[in-house]
Every structure is written in C-alpha cells, then in structure tokens.
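Observations on the three-dimensional arrangement
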Amino acid sequence: PSVAHNPGSHAFQPEVPWELPREKLIFKKKIGEGSFGEVWRAKVDGILGRRGKEIVAVKLLKDYYTPEEKRCLMKELRVMQTLQPHPNIISLLGCCSVTEPLCIVMEYAANGNLQDVLRKQRYTFLQNDLSNLEKRPKINLTARDLTIFTLHVSSGMQYISSRDLLHRDLAARNVLLDKDLVCKISDFGSARDIVEMREYETSANQKLPLRWMAPESLLSCIYSSHSDVWSFGVFLWEVVTLGSSPYPGMTSEQVMDFVQKGCRMAKPTHCSQSLYTLMTDCWHHFPPSRPSFATIHDRLTTLLEEEG
Ligand code: ACK
C-alpha cells in the first residue's frame, strides 16, 4: 500500500533546497556507526547559504547495504525534512540524495551521545579515566545540569508530538550533546507520522529497543505519543542512574514479562521522590493516563525550581 500522506501540517518540503554538491563535503573522521549507517565528522563551505566553513555530521550508508537499509535512511531524511529548526532537535543542513551514496548532512554535536556523557561522569569520581571512549573535553555535570538535560529533551519531544510525529526510539543513546551542553534529539530512523502508523505494521525483522518500549508496543505493536512518553520515563531513569542499562540483570524475556505484569523499576538511589513519581506516571499502564510532553515539561520546570 502507498503511504497515506497527510498533506496538512507536515507536508514534505521539496528535495531541491536541501540538495548539496557532494564535492563540498570534506570528510574528516568516522565518529560512529548507527544501526545501518556510518556517521562522519566533515567540513563544508557555505552550507544553507551561510558564509565560511562549518563542521557538520554526515550520516551515510556503509559500503554494502540492503535496499531496506537505503529505504530506512531515506525515511530518516524525509522525516528530518518535515521538522522546523528546534533548539533541542538535531537540524538537517542538507543532503546528497540524487546520486549514490545517500548522505544526510546535519548539525554537529561536539559532545556526542548523552549515554556516553553520563557514563563518563561516573569516572570523574575516580582519578583516572577508565573509559576507552573517544577523548572529548571533560565535562563536570551537576545534578541541576541533569535536570536541565531532561527539560531540553521534553521540549524537543513536545515539538515532535505537536507535529503528530512519533520518535519510537527515544533513549539516552539517541540524544546528542552539543558544545554548549544543549541536548539535541537525533536518530529519526524509526520515526513515523501518526497517519502512517495506522497503515503500517512494524516489520518483523526490525531490532526493537525492548527496554524502552511501552507494554502496548511490546504486546500489540501499538505506538502513539503516549508510548514515546513511556520511553521518556525510561530516559529519565537513564539520566538519574548516569547511563545505566534499564532493568539491570534481567533478560529481554524477563523485562517483557515484568512490564506486562505491571511491575516497574524501583526508585534509583539519589532520585528524588518527585522525579520518581514523574517516571512512574510516564509508565502508567493505560496510555492516555500518562502525562503529555507539555505536562512533563511543566513538572520538570517546577522540579528545577525546587532544586534551587
Ligand atoms: O557519541 P557519538 O560520537 O555520537 O556516537 C554516536 C555515533 O555517531 C552513532 O550514532 C555520533 N553522531 C551521530 N550523529 C551525530 C551528530 N549530528 N553530531 C555528532 N555526533 C553524531 C553519535
């Protein structure tokens, strides 16, 4: 079936304004591998009509890719093209989509993914850095910074849900941190619009982020903004535990069983009661009873004020 396309609020913008001459990209260093692509740090001159050279991130397919992988990356590009610039969402700067290989050129987030940033914080308590992660400027975060990060992400998600889009893979690994410590939601490879979700079933061979998924998504492949809110609750848990893996010590099967029985992760040490209440509200079994991203943003703002 062809994708039911909602011509209203998020009509796709034409490709041409985004298209970039490939020779403008000067690839510098491979900085990571995503689910089906590679990400490179690159330099580009005069992107979007701006003056001078800029550092950008470029996502492209690996040397050998399947048609399905190409379709996924194209989908990611299409979703990014529908988004207006938002301070908490990684912005699209251009693409090379007319010729192969398909490249998505986006804003560069110098501090990398939030999961690694959080994990590295644990080592700041030790004298020597035990991580073998790529060397990046050392950041010392306070509890207040962590709350601000959650506010950034709730703000980005509020915008995404207002556009009737579902991210479907919200997790600390998919949040990037820029040089000014602003969180940017990234990785729109799983994102879909709500209209499309009514038409399509999740393909069976897709690797699923089980530990971030709401019970209705696990059991019935039902996705909505409410299921993104569930994932946001897991994201909050990742932030307070400095990047721990959710449901520690449990296998995937045990997690699914645990969640569907109505059990929830316990309050982490150092987590305030009000933040834990917010988390568990995001994990309400009945999807419409979960708070909206607007409510989450308000509650986190109050929490930040209380922290002083
Ligand atoms: O911590 P990282 O370097 O941040 O490891 C992952 C890796 O690519 C796979 O996703 C990095 N990455 C992805 N998009 C960007 C971006 N726009 N700016 C900087 N790094 C990025 C991510």
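Residues numbered from 1 in each chain as written. Predicted model: local features only at pLDDT ≥ 70, side-chain atom pairs only at ≥ 80, totals over all residues.

Quick notes on the UniProt feature "binding site: Mg(2+)" (unreviewed entry) in the protein
- UniProt feature "binding site: Mg(2+)" (unreviewed entry): in the numbering of this structure it lies at Asn174 and Asp187.
- Secondary-structure assignment places asparagine 174 in the loop between β6 (165–166) and β7 (175–177).
- Judged by C-beta crowding, with 25 C-beta atoms within 10 Å, asparagine 174 ranks as buried.
- Those residues in contact with asparagine 174, other than ones at most four positions away along the chain, are Asp169, Ile185, Ser186 and Asp187.
- Note on placement: aspartate 187 falls in the loop between β8 (183–185) and β9 (192–193). (UniProt positions renumbered as here; feature names shortened; annotations may be inferred. Helix = DSSP H or I, 4+ residues; strand = E, 2+ residues; numbered from the N terminus. Buried ≥ 20, exposed ≤ 12 C-beta atoms within 10 Å, placed from the backbone. Contact = placed C-beta atoms within 7 Å.)

What to know about the packing of helix α3 (residues 143–162) against helix α9 (residues 293–307)
- In the contact formed by α3 and α9, the axes pass within 9 Å of each other and the chain directions differ by 165°. Taken together, the axis directions place α3 and α9 in an arrangement best described as roughly antiparallel. With respect to the hand of their crossing, α3 and α9 are arranged in left-handed fashion. Within the contact between the two elements, α3 uses Ala143, Arg144, Thr147, Ile148, Thr150, Leu151, Ser154, Ser155, Met157, Gln158 and Ser161 and α9 uses Phe293, Ala294, Ile296, His297, Leu300, Thr301, Leu303, Leu304 and Glu307. (Axes fitted to C-alpha atoms, helices over the stretch in contact; angles between N-to-C directions. Parallel < 35°, antiparallel > 145°, perpendicular 65-115°, else oblique. Left-handed = near helix turned anticlockwise from the far one by under 90°.)

Quick word on the site of the ligand
- Around the ligand, a shell composed of 16 residues is seen, among which Gly32, Val39, Ala57, Gly112 and Asn113 lie nearest.
- For the shell around the ligand, the secondary-structure elements that each account for two or more residues are β1 (25–33) and β5 (103–107).
- At 3 residues, the largest contribution of residues to the shell around the ligand is made by β1.
- By residue class, the composition of the shell around the ligand is 8 nonpolar, 5 polar and 3 charged. (Near = placed C-beta within 6 Å. Nonpolar A, V, L, I, M, F, W, Y, C, P; charged D, E, K, R; others polar.)

Describing the sheet that holds strand β2 (residues 37–45)
- Within the open sheet, the 5 strands sit side by side as β1-β2-β3-β5-β4. Their pairing is antiparallel. Of all strands in the sheet, those bounded by a partner on one side alone are β1 and β4 (92–96). Pairs of neighbouring strands in the sheet enclose a mean axial angle of 30°, with direction left out of account.
- Where strand β3 (residues 53–61) lies against β5, 5 bridges are found, and the strand directions are antiparallel. (Pairing = 2+ DSSP bridges.)

Focus: the packing of α3 against helix α6 (residues 225–240)
- In contact at an axis separation of 11 Å, α3 and α6 are set at 170° when each is read in the N-to-C sense. Comparing the axis directions of α3 and α6 gives the class roughly antiparallel. Two packed elements cross with a definite hand, and for α3 against α6 that hand is right-handed. Mapping the contact onto sequence places Leu146, Phe149, Thr150, Val153, Ser154, Met157 and Ser161 in α3 and Ser225, Asp228, Phe232, Phe235, Leu236 and Val239 in α6.
- Tallied by class, residues from the contact of α3 with α6 come to 8 nonpolar, 4 polar and 1 charged.

Considering the environment of glycine 308
- Counting through the fold element by element, glycine 308 comes out in the segment after α9.
- The class of glycine 308 is exposed, set by 5 C-beta atoms lying within 10 Å.
- Taking the C-alpha atoms as reference points, glycine 308 and arginine 144, separated by 164 residues in sequence, lie 8.5 Å from one another.

Some thoughts on the nonpolar core
- Core analysis: the biggest nonpolar cluster contains 71 residues, and Val56, Val58, Ile104, Val105, Leu114, Phe235 and Leu236 have the highest contact counts within it.
- For this core, the element with the most residues is α6, which contributes 9 residues.
- The contact partners of valine 58, leaving out residues within four places of it in the chain, are Leu25, Trp40, Ala42, Cys103, Ile104 and Val105. (Core = buried A, V, L, I, M, F, W, Y, C linked by C-beta atoms within 7 Å.)

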